Amino acid sequence: MPTALVTGSAGFIGSFVCERLLRDGFRVIGVDAMTDYYEVSLKQQRQARLLQFEHFQTVEDYVETPGLLMDLFAREKPDVVVHLAAQAGVRYSIENPRSYLESNIVGTFELLEAGRAHPPQHMLLASTSSAYGANTEMPYRETDKADHQMSFYAATKKATENMAHSYAHLFDLPVTMFRFFTVYGPWGRPDMALFRFTKAILKGRAIDVYNYGDMKRDFTYVEDLVEAIRLLIDVPPARPAEGEAVAAGDSLSPVAPWRVVNIGNSDAVQLTDFIKAIEEATGRKAERNLMPMQAGDVPATWADAELLKSLTGYAPGTSVGEGVAKFVKWYREYYRDQ
């Protein structure tokens, strides 16, 4: 039975990844600090679902804790590592940047050091579409330069890409960085737009619509993201042979077993259309407060996911209407007594 170590295992995406790996026959070690960035009860409920599986065990601690991951790697010898633990959120990074430094930068350093000492077969680290920053040419391609991040959150995630590349080069660690695009779905984070909009609409409250609604996002349903991650696990990058050219469109490093892969729906959806999908799913109209753009945000994201398809044969395809309906159904069931 292969062993996977998943950081951020009680998080939105992490809990889905853990469940998928458990169903696929992995033994899964989950690491999560259960921080109070949002309601801990939601994380506890996600974790409780995972603890029903015989081959899941959890460690409640911070990934940046010195020696924690080193000891775990030494004891458990993971075959695969999926690193999702991070302080998330563009806006919160303006208020509390130190938490991003500690969790995202220091936590990833601890992970890479553990991988250096006890190399897994493949390490997959979460990055973000926010790494593309001020780029205006879309859809975003992995081979595009990404040098002008617009928030400290994005800057820390881009830094982890660079850190991982150096370890991949120096220590021959196979690393895939995946940049995901506006993930949504059941069990999502309460600070995300879909969660906030649904809650407000069902309670008859107005929603804040930034940039006066003139925003586009490549909304990616969580199970599509997890399918992509699961398939990428089986295609670790290999360092190119000396003199070997990297194929056009491939972000594979010329000097390391490292690449970055977009995971997105390849469809830039207007924010107003996203809100309409929530209105249809809830059966209620939204009252809108039109607001200017928030600091650190970007007006649009849009993934070119051709590299993902060429590597795995898979392309995410859940429509916004279908995905939003599934979320609203879950939300109503989960909060039925509130």
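Residues numbered from 1 in each chain as written. Predicted model: local features only at pLDDT ≥ 70, side-chain atom pairs only at ≥ 80, totals over all residues. Heavy atoms only, no water.

Novice: Explain the environment of Gln-270 to me, using residue names and the numbers behind them.
Specialist: Turning to its location among the elements, Gln-270 is positioned in strand S12 (residues 269–270). Taking C-alpha positions, Gln-270 is 4.4 Å from Lys-216, a pair spaced 54 residues apart along the chain. Aside from chain neighbours lying at most four places away, what touches Gln-270 is Gly-213, Asp-214, Met-215 and Lys-216. (Helix = DSSP H or I, 4+ residues; strand = E, 2+ residues; numbered from the N terminus. Contact = heavy atoms within 4.5 Å.)

Novice: Outline the sheet that holds strand S5 (residues 122–128), listing residues and values.
Specialist: Taking strand neighbours across the sheet as the criterion, the seven strands line up as S3-S2-S1-S4-S5-S6-S11 in an open arrangement whose pairing is parallel. Here the strands that pair on one side only, and so sit at the sheet edges, are strand S3 (56–59) and strand S11 (258–263). The average undirected angle you get between the axes of adjacent strands in this sheet is 20 degrees. As paired elements, strand S4 (residues 80–83) and S5 share four bridges and run parallel to each other. (Pairing = 2+ DSSP bridges. Axes fitted to C-alpha atoms, helices over the stretch in contact; angles between N-to-C directions.)

Novice: Help me get a handle on the packing of aromatic side chains, residues and values and all.
Specialist: Here the distance between the centres and the angle between the planes together describe a pair of aromatic rings. Under the criterion given, the structure shown has 27 aromatic pairs. On the basis of an interplanar angle of 45 degrees and a centroid distance of 5.6 Å, the ring pair of Phe-327 and Trp-330 is categorised as tilted. Taken together, the residues Phe-327 and Trp-330, both in helix H11 (residues 320–334) and three residues apart, mark about one turn of the helix. Using a relative accessible area of 1% as the deciding quantity, one classes Phe-327 as buried. For Trp-330, a relative accessible area of 9% translates into the label buried. Aromatic ring contacts, followed pair by pair, group Trp-187, Phe-195, Phe-327, Trp-330, Tyr-331, Tyr-334 and Tyr-335 into a single cluster. Here the basic side chain of Lys-43 rests over the ring of Tyr-38, its NZ or CZ set 4.6 Å away from the ring centre. It is Arg-179 that lies over the ring of Tyr-132; its NZ or CZ is 4.6 Å from the centre. (Phe/Tyr/Trp six-rings, centres within 6.5 Å; stacked < 30°, edge-to-face > 60°. Buried < 20%, exposed > 50% of the residue type's maximum accessible area, 1.4 Å probe, protein only. Lys NZ or Arg CZ within 6 Å of the ring centre and 35° of its normal.)

Novice: Tell me about the pairing of strand S1 (residues 3–7), and name the residues and values.
Specialist: Taken across its five residues, S1 has five buried, putting it largely inside the fold. Burial along S1 is two-sided: Thr-3, Leu-5 and Thr-7 facing one way and Ala-4 and Val-6 facing the other are all buried. As judged from the five bridges shared by S1 and strand S2 (residues 27–31), these two strands associate in the parallel manner. If you follow Thr-7 over to S2, its bridge partner there is Val-31. Once the chain exits S1 it traverses helix H1 (residues 12–23) before rejoining the sheet at S2, and the crossover so formed is right-handed. Both S1 and S4 contribute to a ladder of four bridges, which runs parallel. In the sheet register, Val-6 faces S4, and the bridge partner there is Val-82. (Right-handed = clockwise from strand over helix to strand, strands pointing away.)

By themselves, these observations are geometric and do not establish any function.
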